[in-house]
Amino acid sequence: MVKYLFGRVLGGVVTLFLVTALAFFATAFAPGNPASVLLGNMATPERIEAITRQLGLDQPLPVRYGIWLRETLLGNLGTSNVSFKPVNDLLLAAAFPTVQLALASLVVAVVIAIPLGLILAQNRNSWWSRPASGLITLGISVPGFWVGLMLIVLFSVTLKILPSGGYTPPSKDLWLNIRSLILPVATLAIYLIPSVVRFVRVTAISVLREDYVDTARAKGTAPAAILLRHVAPNTLVTTITYIGLQLGVLISGAVVVELIFSIPGLGRLGLNAVLNRDYPVVQGVVLLAATGYVAVNLLIDLAYALIDPRVRAR
Amino acid sequence: MAQAETIDAPTQTSPLLDVRGLSVTLTREGSAAALVDDVSFSLAAGEILCIVGESGCGKTVTARSIIGLNRTDPRFTLGGRIDFDGTDLLSLSETQMRGVRGAKIAMIFQDPMTSLNPLHRIGAQIGEVLRNHTDLGSRAIRERTIELLAQVGIPYPGSRIDDYPHQFSGGMRQRAMIALALACSPSLLIADEPTTALDVTTQKQILSLIDGLRHQYGMAVVLITHDLGVVAGIADRVMVMYAGQCVEAGAVRDVFRAPQHPYTAGLLASIPAANRVRTPRLPSIKGAPPVLTEGRPAGCAFRPRCEHAFGACVERPGLEGVDHLHRCWLPEAARAHLAVEAGRVPA
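Residues numbered from 1 in each chain as written. Chains lettered and ligands numbered in written order. Predicted model: local features only at pLDDT ≥ 70, side-chain atom pairs only at ≥ 80, totals over all residues.

**Re the domain arrangement of chain A**
Residue and element names in this part refer to chain A. On domain assignment, one finds that chain A holds domain 1 (2–73) and domain 2 (88–312). For domain 1 versus domain 2, the separation of C-alpha centres amounts to 32 Å. At the junction of the two partners, domain 1 supplies 15 residues and domain 2 supplies 14 residues. Listed by contribution, the elements that provide at least two residues to the side of domain 1 that touches domain 2 are helix H1 (2–29) and helix H2 (34–39). (Domains from an automatic or database assignment. Contact = placed C-beta atoms within 7 Å. Helix = DSSP H or I, 4+ residues; strand = E, 2+ residues; numbered from the N terminus.)

Structure, rendered in structure tokens:
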């Protein structure tokens, strides 16, 4: 168990290190000079050179990476090239809406998708099983932004019951905060649900063919109890791993949803930073997203060990 | 005809299990295949009946039909009667059948490595049967479970009860499965090749455990095997199945001494036992049994592999005999010679 977790944490640290390197060098090699973007119309060769020196961009790459890595490890992600605010503050402000959006969507998606997948697996032989599976395939092929736009048309434009965008922090007004998140969360959840349902359904159907399900039936256990006691936990073991992998989908989906619903989250911050060649902010966003991804997957490995005694034995 | 197609248990009272004209049809992608075709047998309380035959001859399907594991599967159609303790199991509703499963009829499976849920403790899996069929409280269930584990020879049952399946060896898992099957003292135990996945020394232990427990619990056992050595060691009666049909059935002693069907003779000849007449090479039956989902051979299903096949075999033979039944067209003199072929008597 300790060995297993130690291995996972070590793997996570290595992943993060590789991501920092990637984030740094990808931006360093990107075409375009931040100094000229910053100066815009006022750019002259002298000014560009001055700003370049001021930003430390005249230093050799390895030196720049070393400095950046040291500062990052000390918790200092630098200042924005555009707004000159500390990147730490920008990230902190943007992280809250994104985390709120992502977590709420994930919870909603999982709470709906897992029971749905199990029920579909249990009733795999009934007449509505095929049409339902077809509907799920359709759901997987629908792009997330389209769902978001349709929801806006329906609930904001036609019915006028929910805001079409914007974000109110919960510290200001909890009710408005919830209202502002309903459509974004629905969009992201609808985007996630079909693939999770399909995964759960396929996994549960193969679990239903396991010998221990026959054993449970030979014990005289009722089908609903077999589903809950034997099929669901065994399905969950693989499903949580799948959900961990879906986190990437969730992050990229959050970027799109934040843009559609104009939520001041990490996605919008990152995208604007890319467009402005605001490299310290880009690097900060990538680093934060990667850390979140690694951290959640570590939590999933932990949950895995909690469900499966064979993992604990390792 | 239906009267003749039975192996009646040699008791005066009505048998515990009486299967009459059981047929199981698998319908898949529009085509139907008879996996079990008009099989009848009966079994008295406390008896062991072995069902033998190669893979794919309908042994497992027959067993699963008795305990009703395939009755809710829409691909399977079951016909005939399965009278158990005076009730036709096929006429029961699924809810009524759940009350029988685990309580009066129990089953153990071929592979103990996969027949226990890896995520639940051994004790919880055995306790589940007791919770299904008794009013025992959790403490009483635990006590009974420890008692059962001790009975099947698990050392330190008081602590092993909280182990997970992966902490048990294959033999111990099969012992745990037996404990699970015994929990509600069933009157019939179905064991589907319970030793096939185990190593040889463990096989013997498990079989003698089953044999001992049937005496102790007075339960009847339907034991599926393809090992005739096992049959000789443990069974009272034997039914040989081929292509979904019973081809020979009777008391073990009779069938082994004087096999009446070339298939049985072939199976007997291929046992590498010490007491048989030695041949330079271990004989085997050429070819493979028909895949029933691809169609059954016309006439006698064994004809394509039979060295004795003659003109009459294009017709489907019926089951003949009184106590020792056989389904073969060969005249009596030729059938008498099969014992020599089986290596039971010197030529």
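After presenting the structure, the write-up continues.
**A few points about the domain arrangement of chain B**
Residue and element names in this part refer to chain B. What the domain assignment lists for chain B is domain 1 (17–101 + 193–201 + 221–341) and domain 2 (105–183). One C-alpha centre belongs to domain 1, the other to domain 2; they are set 31 Å apart. Domain 1 puts ten residues into the contact, and the matching count from domain 2 is ten residues. A breakdown of the residues in the side of domain 1 that touches domain 2 according to their chemical character gives seven nonpolar, one polar and two charged. (Nonpolar A, V, L, I, M, F, W, Y, C, P; charged D, E, K, R; others polar.)

**Side note on the pairing of strand S4 (residues 76–84) of chain B**
Residue and element names in this part refer to chain B. Two strands pair when backbone bridges link them, and strand S1 (residues 17–28) and S4 are joined in this way by eight bridges, in the antiparallel orientation. Opposite Val-19, over in S4, you have Ile-82 as the bridge partner. Two elements, S4 and strand S5 (residues 87–88), share two bridges in a ladder whose sense is antiparallel. When the bridges of S5 are listed, Asp-83 appears paired with Asp-88. Taking the residues between adjacent antiparallel strands as the criterion, S4 and S5 are bridged by two residues, where Asp-85 takes a positive phi near 55°. (Pairing = 2+ DSSP bridges.)

**Details of the sheet that holds strand S11 (residues 325–326) of chain B**
Residue and element names in this part refer to chain B. The seven strands are arranged S6-S7-S8-S3-S9-S10-S11 in an open sheet whose pairing can be described as mixed. Each of the sheet's edge strands pairs with one partner strand only, and the pair in question is strand S6 (105–108) and S11. Together, strand S3 (48–52), strand S9 (237–242) and strand S10 (245–251) form the strand contacts of helix H10 (residues 262–269), whose direction differs from that of S9 by roughly 110°. (Axes fitted to C-alpha atoms, helices over the stretch in contact; angles between N-to-C directions.)

**Considering the sheet that holds S1 of chain B**
All names here are of chain B. In spatial order, the strands read S2-S1-S4-S5; together these four strands make up an open sheet with antiparallel pairing. Both edges of this open sheet fall to strand S2 (31–43) and S5, since each of them pairs with a single strand only. Each of S1, S2 and S4 is contacted by helix H1 (residues 59–67), which is oriented at about 70° to S2, the strand it contacts most.

**Looking at unusual backbone geometry**
Residue and element names in this part refer to chain A. Non-glycine residue Lys-160 carries a positive phi angle of around 55°. Within the secondary structure layout, Lys-160 lies in the loop between helix H7 (144–158) and helix H8 (174–208). For Lys-160, a count of 9 C-beta atoms within 10 Å translates into the label exposed. Look at Ser-262: it is not a glycine, yet its phi comes out positive at around 40°. Note on placement: Ser-262 falls in the loop between helix H10 (223–260) and helix H11 (266–275). Exposure remark for Ser-262: the 13 C-beta atoms within 10 Å place this residue in the partly exposed category. (Buried ≥ 20, exposed ≤ 12 C-beta atoms within 10 Å, placed from the backbone.)

**Here we look at the packing of helix H3 (residues 122–133) of chain B against helix H4 (residues 138–151) of chain B**
Residues and elements named next belong to chain B. Close contact between H3 and H4 brings their axes to 9 Å; oriented N to C, the two are set at 115°. H3 and H4 meet at a crossing whose hand is right-handed. In this structure, H3 contributes Gly-123, Ile-126, Gly-127, Leu-130 and Arg-131 to the contact, and H4 contributes Ile-141, Arg-142, Arg-144, Thr-145 and Leu-148. Looking at side-chain class alone, the contact of H3 with H4 contains four nonpolar, three polar and three charged residues. (Left-handed = near helix turned anticlockwise from the far one by under 90°.)

**Comments concerning the interface of chain B and chain A**
On the side of chain A, 20 residues touch chain B, which itself brings 24 residues to the contact. Put simply, the parts of the chain that give the side of chain B that touches chain A at least two residues each are helix H2 (94–100), S6 and H3 of chain B. Here the side of chain B that touches chain A gets four residues from one element, more than from any other, and that element is H3 of chain B.

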